[in-house]
Amino acid sequence: MTAALTCALMVPLAGTATAEAAAYPVKHPKLIANPLYDAGPLPTTTCTEPKVKKGDRKLARAYIDAVVACLETTWEQHLTGAGLPYSPIKVRHVAKIPKTCGFKPDKQESQTWYCAKNHTLFFQVGKGWVSDPEDLWLFETTAYMYGYHVQNLTGMDVAYDAMPYRNKAEYFEQERRYRLQKDCLAGAFLKSVWPMEGRTSKDWDYFVSLLSGDVRGEDRDEGKAATRRAWSKRGFATGDPGSCNTWTAPSSKVA
């Protein structure tokens, strides 16, 4: 939940051979065959980025609010058009993430959490997020976090929570699938509003280069940096949530 947060040729991610099968196959229909995957590409819209300035948290919060408004426009149109559930998201900017809704905030100065029970995104914008706010980091972090809302509206989060696991390796693979899907959905959203005024492919390439992944010796719950980048680029290449089905991908593609 904590945001730690080049188009490339698409690499097939669906397992077609035994060698490419998932080590821990996911079988829940809400995850592997969600109607979202058949709804087509996200609608093409425009999203104007407000100005941000180094060290200015107020402007950064306004920027996040503007991106959320763009996300709402796109996803409301997409979900309702496909006959899928939709309800608006709420945003709260706080000095410190509250210990509510099951949150377990850490000591990072900048972090963001989603509360499924009341559809609220909490943002704690610290110095790190405003030290160099002119790249796409804030934009894509916000889009990534909105992915929790999409997973909630489409029933994927409940299905994910209900999945059994036999060991720690299976648990972490499921967690990586859950998170990598949001990397992909964030990339798909950016594609739906691309090109954006004042942005070039260099901005996208730079953002992708910033994505980090699991650290050796720690829990493997995000995916390698290369894996996160691959799913982000996949979403951006297609602009289609249907390409973000991490649940049927072979284990090698969610490592």
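Residues numbered from 1 in each chain as written. Predicted model: local features only at pLDDT ≥ 70, side-chain atom pairs only at ≥ 80, totals over all residues. Heavy atoms only, no water.

1. Observations concerning the overall build of the protein
- Each helix and strand counted, the protein has eight helices and three strands in total.
- At 17 Å, the protein has a C-alpha radius of gyration in line with the 18 Å of a compact globule built from 255 residues.
- Across its three principal directions, the C-alpha atoms of the protein cover 50 × 35 × 35 Å.
- Accessible surface, the protein: about 12,100 Å² in total, of which carbon and sulfur atoms supply 54%.
- Within the protein, one finds 33 positive and 28 negative side-chain charges whose respective centroids are separated by 4 Å. (Helix = DSSP H or I, 4+ residues; strand = E, 2+ residues; numbered from the N terminus. Rg over C-alpha atoms; globule rule 2.2 N^0.38 Å. Areas by Shrake-Rupley, 256 points an atom, 1.4 Å probe, with all protein chains shown as cover. Lys, Arg positive; Asp, Glu negative; His and termini not counted. Charge placed at Lys NZ, Arg CZ, Asp CG, Glu CD.)

2. A word on the nonpolar core
- In this structure, Trp75, Phe139, Phe189, Leu190, Met196 and Trp247 are the most contacted members of the largest nonpolar core, which totals 60 residues.
- Elements with a minimum of two residues in this core: α2 (57-81), β3 (120-124), α3 (127-130), α4 (137-153), α5 (156-162), α6 (168-192), α7 (201-210) and α8 (225-238).
- For this core, the leading source of residues is α4, giving ten residues.
- Setting aside residues up to four positions removed in sequence, tryptophan 247 forms contacts with Val26, Leu31, Ile32, Tyr37, Met156, Tyr160, Met163, Gln174, Arg177, Tyr178 and Gln181.
- Val94, Phe103, Trp113 and Phe122 belong to the second largest nonpolar core, which has six residues in total. (Core = buried A, V, L, I, M, F, W, Y, C linked by side-chain atoms within 4.5 Å. Buried < 20%, exposed > 50% of the residue type's maximum accessible area, 1.4 Å probe, protein only. Contact = heavy atoms within 4.5 Å.)

3. Brief notes about the packing of α6 against α8
- Where α6 contacts α8, the axes come no closer than 6 Å and their chain directions differ by 35°. With respect to the hand of their crossing, α6 and α8 are arranged in right-handed fashion. Here Leu180, Asp183, Cys184, Gly187, Ala188, Leu190 and Lys191 of α6 come into contact with α8, specifically with Thr227, Arg228, Trp231, Ser232, Gly235, Phe236 and Ala237. (Axes fitted to C-alpha atoms, helices over the stretch in contact; angles between N-to-C directions. Left-handed = near helix turned anticlockwise from the far one by under 90°.)

4. Let's talk about the pairing of strand β2 (residues 111-115)
- Buried residues dominate β2, accounting for five of its five residues.
- Neither face of β2 is open: one carries Gln111, Trp113 and Cys115, the other Thr112 and Tyr114, and all of them are buried.
- Where β2 meets β3, five bridges bridge the pair, whose relative direction is antiparallel. Within β3, the residue paired with tryptophan 113 across the bridge is phenylalanine 122. (Pairing = 2+ DSSP bridges.)

5. Examining the pattern of salt bridges
- Here the structure, examined in full by the defined rule, presents seven salt bridges.
- Close ionic contact of arginine 166 with glutamate 170 constitutes a salt bridge, the shortest N to O distance being 3.0 Å.
- Its salt-bridge partner being glutamate 173, residue arginine 177 comes within 3.0 Å of it at the nearest N-O pair. Pair noted here: arginine 177 and glutamate 173 are both in helix α6, with a separation of four residues, about one helical turn.
- Looking at arginine 177, the relative accessible area reads 0%, which means it is buried.
- Connected through salt bridges with shared partners, the residues Glu49, Arg199 and Asp203 form a single ionic network. (Salt bridge = Lys/Arg side-chain N within 4 Å of Asp/Glu carboxyl O.)

6. Topic: the packing of aromatic side chains
- Across all of its chains, the model carries 14 aromatic pairs by this definition.
- Centre to centre, the rings of tyrosine 148 and tyrosine 178 are 5.9 Å apart; their planes meet at 75°, and the pair counts as edge-to-face. Taken together, the residues span a long stretch of sequence, with tyrosine 148 in helix α4 and tyrosine 178 in helix α6 at a distance of 30 residues. Grouping residues by exposure puts tyrosine 148 and tyrosine 178 together as buried.
- Each ring, one from tryptophan 204 and one from phenylalanine 236, has its centre 4.3 Å from the other, and the planes form 20°; the classification is stacked. Placement of tryptophan 204 in helix α7 and of phenylalanine 236 in helix α8 is noted, with a sequence separation of 32 residues between them. Here tryptophan 204 matches phenylalanine 236 in class, with each residue buried.
- Through successive ring pairs, a cluster of aromatic residues spans Tyr114, Tyr144, Tyr148, Tyr160, Tyr178 and Trp247.
- Seen from the ring of tyrosine 148, lysine 182 lies directly overhead, with NZ or CZ sitting 3.9 Å from the centre. (Phe/Tyr/Trp six-rings, centres within 6.5 Å; stacked < 30°, edge-to-face > 60°. Lys NZ or Arg CZ within 6 Å of the ring centre and 35° of its normal.)

7. Details of unusual backbone geometry
- Here the amide bond leading from tryptophan 194 into proline 195 is cis, since omega sits at 0°, within 30 degrees of zero.
- As for its position among the elements, proline 195 is in the loop between α6 and α7.
- A positive phi angle is found at cysteine 101, which is not glycine, with a value near 55°.
- Counting through the fold element by element, cysteine 101 comes out in the loop between β1 (90-93) and β2.
- Judged by its relative accessible area of 25%, cysteine 101 falls in the partly exposed class.
- Of note in the backbone geometry, histidine 119 takes a positive phi value of approximately 55° without being a glycine.
- Structurally, histidine 119 can be placed in the loop between β2 and β3.
- For histidine 119, a relative accessible area of 18% gives the class buried.

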